[in-house]
Amino acid sequence: MTDDRERWNEKYSTDEEFELPDDPIPELARRIETLPSGRALDVATGTGRNARFLAAEGYEVDAVDVSDEALDRAANAAADDGVAVNWIRADIDDFEFEAGAYDVVTVSFFAALDRLPDLKEALAPGGMLVYEHHLRSSDDIDIGPSDDRYKFRANDLLRACLDLTILGYEERTRPDEKGRTQAVATLVGRKSTGGAQSYPRLS
Ligand SMILES: C[S@@+](CC[C@H](N)C(=O)[O-])C[C@H]1O[C@@H](n2cnc3c(N)ncnc32)[C@H](O)[C@@H]1O
């Protein structure tokens, strides 16, 4: 058993205060009509909120997490929702992403800067990356990892994705679904090139 597998299985089993939201991250829901259809990958899926949402939207979804316990919960929730997801128990540290395979890749609240080159390679041409994660912040924050090591610095995520077409990038504080303040970076990037591209119409 890897450290992460053990640690996260224990967290899911024993930490009664640790509860992941059921809704997808807001940026994914906001952008869904503008994303290319096809295959999707949700990295460190947890209880599968993004994966289940994408499956309900008609995507063929692979969802990876290191924790057996998380994936059990995700699979039960998917059965309740009546959607099918390919749940994959694996460690992202050594997972082999399929190159050029995914029209949408989502990562939420998981620090994977070191795997970003492979995640970008896993995007099909025109594929979109939607990534949201905690920021280090001097504000009064109620939620996020206690250790700054697991949070991004200002512009970390943006800098790592400058070879994509950046359709959205924001760093801010906001209330989470329980009203707790969090500091987050949200990036939407497309694997596309060229000085004159097509851009989504957003309300
Ligand atoms: C804070 S949760 C976020 C879950 C989900 N993305 C969400 O936003 O609801 C982080 C998830 O990362 C998973 N995780 C941690 N280390 C991992 C690793 N090395 N490989 C794959 N998953 C990992 C944990 O099991 C946990 O489900």
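Refer to the structure printed above.
The sections below set out a description of the structure shown in this document. (Residues numbered from 1 in each chain as written. Predicted model: local features only at pLDDT ≥ 70, side-chain atom pairs only at ≥ 80, totals over all residues. Heavy atoms only, no water.)

Bringing the packing of helix H1 (residues 3-14) against helix H4 (residues 68-81) into the picture now. It is at 7 Å that the axes of H1 and H4 come closest, and there the two elements cross at 50°. By the angle class used here, H1 and H4 are oblique. The segment H1 lies against H4, with Arg5, Asn9, Tyr12 and Ser13 engaging Asp68, Glu69, Ala70 and Arg73. When grouped by side-chain class, the residues that make up the contact of H1 with H4 number 2 nonpolar, 2 polar and 4 charged. (Axes fitted to C-alpha atoms, helices over the stretch in contact; angles between N-to-C directions. Helix = DSSP H or I, 4+ residues; strand = E, 2+ residues; numbered from the N terminus. Parallel < 35°, antiparallel > 145°, perpendicular 65-115°, else oblique. Contact = heavy atoms within 4.5 Å. Nonpolar A, V, L, I, M, F, W, Y, C, P; charged D, E, K, R; others polar.)

This paragraph deals with the sheet that holds strand S7 (residues 181-190). Read across the sheet, 7 strands follow the order S3-S2-S1-S4-S5-S7-S6 without closing on themselves; strand pairing throughout is mixed. With one partner strand each, in any of the chains shown, strand S3 (86-89) and strand S6 (165-175) form the two edges of the open sheet. When the angles between neighbouring strand axes are averaged without regard to direction, this sheet yields 15°. Here 4 bridges tie strand S1 (residues 39-43) to strand S4 (residues 102-108), and the two strands are oriented parallel to one another. Within S4, the position partnered with aspartate 42 by the bridge is threonine 106. (Pairing = 2+ DSSP bridges.)

This paragraph deals with the pattern of salt bridges. Tallied over the full model, the rule gives 21 salt bridges. Close ionic contact of arginine 31 with glutamate 27 constitutes a salt bridge, the shortest N to O distance being 2.9 Å. Highlighted residues: arginine 31 and glutamate 27, both in helix H2 (residues 26-31), separated by 4 residues, approximately one helical turn. Residues arginine 31 and glutamate 27 agree in their burial class; the two are buried. (Salt bridge = Lys/Arg side-chain N within 4 Å of Asp/Glu carboxyl O. Buried < 20%, exposed > 50% of the residue type's maximum accessible area, 1.4 Å probe, protein only.)

Taken together, the side chains of Asp93, Asp94, Glu96 and Asp114 make up a negatively charged region of the molecular surface. Along the polypeptide, aspartate 93 turns up in the loop between S3 and S4. (Patch = residues over 30% accessible without salt bridge, like charges linked within 9 Å, V, L, I, M, F, W, Y side chains within 5 Å. Areas by Shrake-Rupley, 256 points an atom, 1.4 Å probe, with all protein chains shown as cover. Lys, Arg positive; Asp, Glu negative; His and termini not counted. Charge placed at Lys NZ, Arg CZ, Asp CG, Glu CD.)

Let us look at H4. An ideal rise of 1.5 Å per residue puts 20 Å on 14 residues; H4 measures up with 20 Å between its terminal C-alpha atoms. Taken together, the buried positions of H4 are Ala70, Leu71, Ala74, Ala77 and Ala78. Buried residues of H4, seen end-on, are gathered within an arc of 125° and therefore sit on one face of the element. Facing away from the buried side of H4, by more than 90 degrees, are the exposed residues Asn76, Ala79 and Asp80. Check the buried side of H4 and you find it contacts H1, helix H3 (49-56), strand S2 (60-65) and S3. (Expected span 1.5 Å × (residues − 1). Arc of directions from axis to C-beta.)

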